[in-house]
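Below, each chain spelled out in residue letters.
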Amino acid sequence: MSAPDREAVMQALAAVIDPEIRKPLTELGMVGGVETSPDGTVTVDVLITIAGCPMKGRITEDVRAAVEAVPGTREVIVRLTPMTPQQRTELRERLRGSQRVIPFAQPGSLTRVYAVASGKGGVGKSSVAANLAAAMAAEGLKVGLVDADVHGFSIPGMLGVTEAPTKVDDMILPCVAHEVKVISIGMFVPPGQPVVWRGPMLHRALEQFLTDVFFGDLDVLLLDLPPGTGDIAISVAQLLPDAELLVVTTPQQAAAEVAERAGSMAVKTKQRIAGVVENMSWLELPDGERMDVFGSGGGARVAGRLAQAVDARVPLLGQVPLDPRLREGADAGVPVVLSEPESPAAAALRDIATALSRRERGLAGRSLGLSPL
């Protein structure tokens, strides 16, 4: 027997994607060595970021499956070795560079950034954010989601994230759930533990999420903001000046009035408003009739008043009906757009996600690559 072709093995490994970083192992320099023997045994040394890497089992399975397909391979041995400090530094610089910057705030960034805001709690803002992220990812987009509601974080539970992110020195690899890269302060505190922080610490936490977390190349970044116009909302405007506000309200007049105040913050921060989402718009009864549990027209009123405030078009992007399956999906960690894609609530959320993902990004602040003659 002849040994499996080493070049063929390397080509097979080039198709193995790191489940956290979402790049090929070969491109990341994570293949430490490959040995082949005439009896068909292939030994692959894989460098993992840390000894306790939560994805080492999946990496082992993916490497074994890829190499077993190489002609002549009888057995695959995968040896995992933690990177040395120097290797981790090289990986971090390969991914992020040597400078700590917010990639989404750079002039050349092509990532659309949406800050999901509301005037008050209880309007379903986090549910909307989680479902929009999952719906966009299901369409094939590269999506990141930052749970910026430090005091009232809920995104990890809504997406079924239970593990902690992997840390490579001062770089954090976000968790991946339903193809969405997610980061939340809830991944770093024990269950039931409150986060008792004031303004400066909130700003620092958000800044660290945006600089130290490696999201890679994203098409869309969503931020789930806390209700109101407090410290985090101001910090988002400072750190991500091109972020567009997505205002969530219910039809109720009281909710619409406070949502209008949250959206009007765009006038002071000079941010654009992507649109308004009306949640809990109606309850569909068994006979097909609609019951306006919280009244009607709140979303349209908010959109109209915000359009006057910012002197620009502010669309009502959609109305999401009350649906127990939306709540059930959040409790189970599977967004309704994935668990019950044909439900009315899921259909409305998918339409909103499609509208946001297809919007063109403006050219303001971006280099066109032109130079004078």
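Residues numbered from 1 in each chain as written. Predicted model: local features only at pLDDT ≥ 70, side-chain atom pairs only at ≥ 80, totals over all residues. Heavy atoms only, no water.

Trainee: Just give me the short version of the side chain of S281, but keep the residues and values in it.
Mentor: Its place among the elements puts S281 in strand β12 (residues 273-284). Reaching out from S281, the side chain makes a polar contact with the side chain of E278 at a distance of 2.7 Å. Setting aside residues no more than four positions away along its own chain, S281 makes contact with P251, D292, G295, Q319, V320, P321 and L322. (Helix = DSSP H or I, 4+ residues; strand = E, 2+ residues; numbered from the N terminus. Polar contact = N/O pair within 3.5 Å; in protein donor to acceptor, adjacent residues only side chain to side chain. Contact = heavy atoms within 4.5 Å.)

Trainee: Could you give me a rundown of the nonpolar core, with the residues and numbers involved?
Mentor: Counting 81 residues, the largest nonpolar core has L132, V146, L206, L223 and L356 as the members making the most contacts within it. Take this core: its biggest share by element is nine residues, from helix α4 (residues 125-138). Filtering out sequence-adjacent residues up to four positions away, L223 remains in contact with V113, Y114, A115, V116, V146, L206, V236 and L240. Among the nonpolar cores identified, the runner-up in size contains 31 residues, and A12, V16, L28 and V168 belong to it. (Core = buried A, V, L, I, M, F, W, Y, C linked by side-chain atoms within 4.5 Å. Buried < 20%, exposed > 50% of the residue type's maximum accessible area, 1.4 Å probe, protein only.)

Trainee: Account for the sheet that holds strand β2 (residues 41-48), with residues named and values stated.
Mentor: Backbone hydrogen bonds hold the strands of a sheet together, and the pairing may be parallel or antiparallel. Taken in spatial order, the three strands of this open sheet run β1-β2-β3, and their pairing is mixed. Each end of this open sheet is capped by a strand with a single partner; those strands are β1 (31-36) and β3 (75-82). Looking at each pair of strands side by side, their axes are set apart by 15° on average, direction ignored. Bridge analysis of β1 against β2 gives five bridges, and the strand direction is antiparallel. Counterpart to T36 in the pairing with β2 is V42. Sitting on the sheet, helix α1 (residues 6-13) touches β1 and β2, and the angle it makes with β1 is about 140°. (Pairing = 2+ DSSP bridges. Axes fitted to C-alpha atoms, helices over the stretch in contact; angles between N-to-C directions.)

Trainee: Tell me about the packing of aromatic side chains, residues and numbers included.
Mentor: For the coordinates displayed, the defined rule picks out one aromatic pair. Above the ring of W282, the side-chain terminus of R290 is found at 3.7 Å from the ring centroid. (Phe/Tyr/Trp six-rings, centres within 6.5 Å; stacked < 30°, edge-to-face > 60°. Lys NZ or Arg CZ within 6 Å of the ring centre and 35° of its normal.)

Trainee: Quick rundown of the UniProt feature "binding site: ATP" (unreviewed entry) in the chain? Include the residues and the values.
Mentor: The positions UniProt marks with the feature "binding site: ATP" (unreviewed entry) are G119, K120, G121, G122, V123, G124, K125 and S126. Assignment of secondary structure puts K125 in helix α4. Look at K125 and you get buried, because its relative accessible area is 6%. The contacts of K125, once residues within four sequence positions are left out, are V116, A117, S118, D149, D224, L225, P226, P227 and V248. (UniProt positions renumbered as here; feature names shortened; annotations may be inferred.)

Trainee: Provide a residue-level description of the pairing of strand β10 (residues 220-224), including the pertinent values.
Mentor: Most of β10 sits out of view: five of its five residues are buried. Residue alternation in β10 divides its side chains into two sets, V220, L222 and D224 and L221 and L223, and both sets are buried. Bridge count for strand β4 (residues 112-117) against β10 is five bridges, and the pairing is parallel. By the bridge assignment, Y114 is partnered in β10 with L222. Examined bridge by bridge, strand β5 (residues 143-147) and β10 share five bridges and lie parallel to one another. Among the inter-strand pairings, L145 is bridged to a residue of β10, identified as L222.

Trainee: Now, about helix α10 (residues 324-332): what can you tell me, with residues and values included?
Mentor: Looking only at α10, the buried set comprises L326, G329 and A330. Projected onto a plane normal to the axis of α10, the buried residues spread over an arc of 100° and lie on a single side. Relative to its buried face, α10 has exposed residues pointing more than 90 degrees away, namely P324, D331 and A332. In the core, the buried residues of α10 are packed alongside α4, α5 (155-159), β12, α11 (336-339) and α12 (344-357). Taking the backbone nitrogen of R325 as reference, a side-chain oxygen 2.9 Å away marks D323 as the first, capping residue of α10. In the segment just after α10, G333 is the residue with positive phi, at about 80°. (Arc of directions from axis to C-beta.)

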